[in-house]
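Structure assessment
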Amino acid sequence: PFTLPPPCPPYHSPDFWDRTYKDMEPGDVHEWGGFDLNDLMNFRYEKVDYSHLLAGRGADASVEHGGSVGSDSGESSSGQDQSSESNIQQSSLAQWMGISQYSSPEEASQIYVQNQNNYNYVTNKPNDINNNNKINESILLLGCGNSKVGEQFIIHSFLGPIIQIDISSKVTQLMNRRY
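As a convention, each chain's residues are numbered from 1 in the sequence order in which they are written. Side-chain atom pairs in this predicted model are given and counted only at pLDDT of 80 or more, local residue features only at pLDDT of at least 70, and totals for whole chains, interfaces and linings cover all residues. Side-chain descriptors were evaluated using all non-hydrogen atoms of the structure, hydrogens and water having been removed beforehand.

Quick word on the overall build of the protein chain
The secondary structure content of the protein chain amounts to six helices and seven strands. Numbering goes from the N terminus for both helices and strands, where a helix is a DSSP run of H or I of at least four residues and a strand is a run of E of at least two. Helices (α) and strands (β) of the protein chain occur, in sequence order from the N terminus, as α-β-α-β-β-α-α-β-β-β-α-β-α. Burial classes: relative accessible area under 20% of the type maximum marks a residue as buried, over 50% as exposed, and values in between as partly exposed (1.4 Å probe, protein chains only). Across the 179 residues of the protein chain, 26% fall into the buried class. In what follows, a contact means two residues having at least one pair of non-hydrogen atoms within 4.5 Å. Counted over contacts in the protein chain with a minimum sequence separation of 6, partners at least 24 positions apart contribute 61%. Surface accessibility follows the Shrake-Rupley procedure with a 1.4 Å probe radius. Residue values consider only the protein chains on display as shielding. Accessible surface for the protein chain amounts to roughly 12,100 Å². Of this, 52% is attributable to carbon and sulfur atoms.

As structure tokens, then:
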């Protein structure tokens, strides 16, 4: 079978990452590519119809791609109104991921605790059959490094829990000391 080599740097190598984080302290942050959760809170994307390419293949012909960061105004950076462009969609990160975002971290934390207390782990169902609360809206950050993106999910009042995983034991130690 054809396989592609891992991208460079060697993401699969714990030793590489341990050397990368060797001289870092718990408060240090290395955001790859300058990525920040704020960049994704509201964004625009283009919904593209690929039906002419996928005809007869049994695949979904409507594919969403792109993801340019935009504002809530519906205007492009040139100031032109894009509402006439029917393929341009706008979404928030919470809508796109299908998860809840609350007005404050305190509210999100309170609702999380309520959901945990109102859940029957034996039957694996909410105690109140009419309760439509989501018990678990886990957000998994694979290869989190020492990024603050997980912290930003909490600051932006997502329900969670936020689970951060990394292959480097050094960065895991740093993150445990940070929090």
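So, the environment of Q152
When you line up the elements, Q152 lands in helix α5 (residues 149-155). Along the chain, Q152 and D36 lie 116 residues apart, while their C-alpha atoms are 8.4 Å from each other. If near-sequence neighbours (up to four positions away) are discounted, Q152 is found in contact with D36, L37 and N38.

What to know about the pairing of strand β7 (residues 162-165)
Between any two strands, pairing holds if DSSP finds at least two bridges. Here strand β6 (residues 139-142) runs beside β7; their pairing, made up of four bridges, is parallel. Bridge assignment links L140 to a residue of β7, and that residue is I163.

Section: the pattern of salt bridges
For salt bridges, the criterion is a side-chain nitrogen of Lys or Arg within 4 Å of an Asp or Glu carboxyl oxygen. Tallied over the full model, the rule gives one salt bridge. Note that E25 and R177 form a salt bridge whose closest N and O atoms lie 3.7 Å from each other. Here E25, found in the loop between α1 (14-20) and β1 (42-49), pairs with R177, found in helix α6 (residues 169-178); they are 152 residues apart in sequence, far enough to count as distant.

Regarding unusual backbone geometry
P161 follows G160 through a cis peptide bond whose omega is 10°. Relative to the helices and strands, P161 is located in the loop between α5 and β7.

Thoughts on α6
Of all the residues in α6, the buried ones are V171, L174, M175 and R178. Seen from one end, α6 has its buried residues packed into an arc of 95°, which puts them on one side. Facing away from the buried side of α6 by over 90 degrees, the exposed positions are N176 and R177. Among the structural elements, β7 are those in contact with the buried residues of α6. A distance of 3.3 Å separates the backbone nitrogen of K170 from a side-chain oxygen at the start of α6, and that oxygen is part of S168. It is the directions from the helix axis to the C-beta atoms that the arc portrays. Polar contacts, as used here, are pairs of N or O atoms within 3.5 Å; protein pairs need one atom able to donate a hydrogen and one able to accept it. Residues neighboring in sequence count only if both atoms are side-chain atoms.

Comments concerning the nonpolar core
Working definition of a nonpolar core: buried Ala, Val, Leu, Ile, Met, Phe, Trp, Tyr and Cys residues. They are joined through side-chain atoms within 4.5 Å. L37, M41, L93, A94, I99, I139, L141, C144, V149, F153 and F158 together form the largest nonpolar core, which totals 11 residues. Going through the elements one at a time, α3 (93-97), β6 and α5 are the ones with two or more residues in this core. Residues contacting F153, with those up to four places away along its chain left out, are L37, L93, M97, I139, L141, F158 and I162.

Brief notes about the packing of aromatic side chains
Aromatic pairing here means that ring centres of Phe, Tyr or Trp (its six-membered ring) are within 6.5 Å. Orientation follows from the plane angle: under 30 degrees is stacked, over 60 is edge-to-face, and everything else is tilted. Within this structure, the stated rule accounts for five aromatic pairs. Considering the side-chain rings of F43 and Y45, the 6.0 Å spacing of their centres and the 40° angle between planes classify their relative orientation as tilted. The pair F43 / Y45 is uniform in exposure class, with both members buried. Members of the aromatic cluster, connected to one another through ring pairs, are F16, W17 and Y21.

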